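# Examination of the molecular architecture
The lines below spell out each chain.
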Amino acid sequence: MIVGTMLIELHAPWVHSLKEKRMIVKSICGKAGNKFNISIAEVDKQDRHQAIVLGISCVTDETAHANSILDNVLNFIEEHTEAEVISVYRELL
């Protein structure tokens, strides 16, 4: 069993309220979770308007498949939000 995890930090400079941020996070998490069958949630900096930190995990039986899923999720997030990706941390267990 291979567990793939990824932590993505995004910066959204146009966001001026936590309500606006929650709408963006909820949209990203809902769409990516349904499309890729992953677990995804906001895991840090919940009280900062312009910072979004998402934790993502997937479980599979092959390392290459886990890497492929995480690559596809990252590409999806980059394409479906105007927020800038600041950092990406990936780990396979």
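Heads up: the structure comes first, above all this text.
The following paragraphs examine the structure supplied in this document. (Residues numbered from 1 in each chain as written. Predicted model: local features only at pLDDT ≥ 70, side-chain atom pairs only at ≥ 80, totals over all residues. Heavy atoms only, no water.)

### Topic: the environment of leucine 70
Here leucine 70 shows up in helix 2 (residues 63-79). For leucine 70, a relative accessible area of 0% corresponds to the buried category. Sequence-wise, leucine 70 and valine 59 are 11 residues apart; in three dimensions their C-alpha atoms are separated by 11 Å. When residues no more than four places from it in sequence are discounted, the contact partners of leucine 70 are Gly4, Thr5, Met6, Ile56, Cys58, Arg90 and Leu92. (Helix = DSSP H or I, 4+ residues; strand = E, 2+ residues; numbered from the N terminus. Buried < 20%, exposed > 50% of the residue type's maximum accessible area, 1.4 Å probe, protein only. Contact = heavy atoms within 4.5 Å.)

### Thoughts on the pattern of salt bridges
Using the criterion set out here, one finds three salt bridges in the structure. Residue arginine 90 pairs with aspartate 71 through a salt bridge whose shortest N-O separation is 2.7 Å. Taken together, the residues arginine 90 in strand 4 (residues 84-92) and aspartate 71 in helix 2 connect sequence positions 19 residues apart. Using a relative accessible area of 36% as the deciding quantity, one classes aspartate 71 as partly exposed. (Salt bridge = Lys/Arg side-chain N within 4 Å of Asp/Glu carboxyl O.)

### Structural notes on the nonpolar core
Judged by nonpolar contacts, the single largest core of 26 residues is most densely connected at Leu10, Ile38, Ile40, Leu54, Ile56, Val73 and Ile77. Broken down by secondary-structure element, the contributors of at least two residues to this core are strand 1 (2-11), helix 1 (18-36), strand 3 (51-60) and helix 2. Ranked by residue count, the leading element in this core is helix 2, at seven residues. Filtering out sequence-adjacent residues up to four positions away, isoleucine 56 remains in contact with Gly4, Thr5, Met6, Ile8, Ile38, Ser39, Ile40, Leu70, Val73 and Ile77. (Core = buried A, V, L, I, M, F, W, Y, C linked by side-chain atoms within 4.5 Å.)

### A closer look at the packing of aromatic side chains
Under the counting rule described, the total for this entry stands at one aromatic pair. Centre to centre, the rings of phenylalanine 36 and phenylalanine 76 are 5.6 Å apart; their planes meet at 80°, and the pair counts as edge-to-face. Taken together, the residues phenylalanine 36 in helix 1 and phenylalanine 76 in helix 2 connect sequence positions 40 residues apart. In this structure, lysine 35 packs its charged tip against the face of phenylalanine 36, placed 5.8 Å from the ring centre. (Phe/Tyr/Trp six-rings, centres within 6.5 Å; stacked < 30°, edge-to-face > 60°. Lys NZ or Arg CZ within 6 Å of the ring centre and 35° of its normal.)

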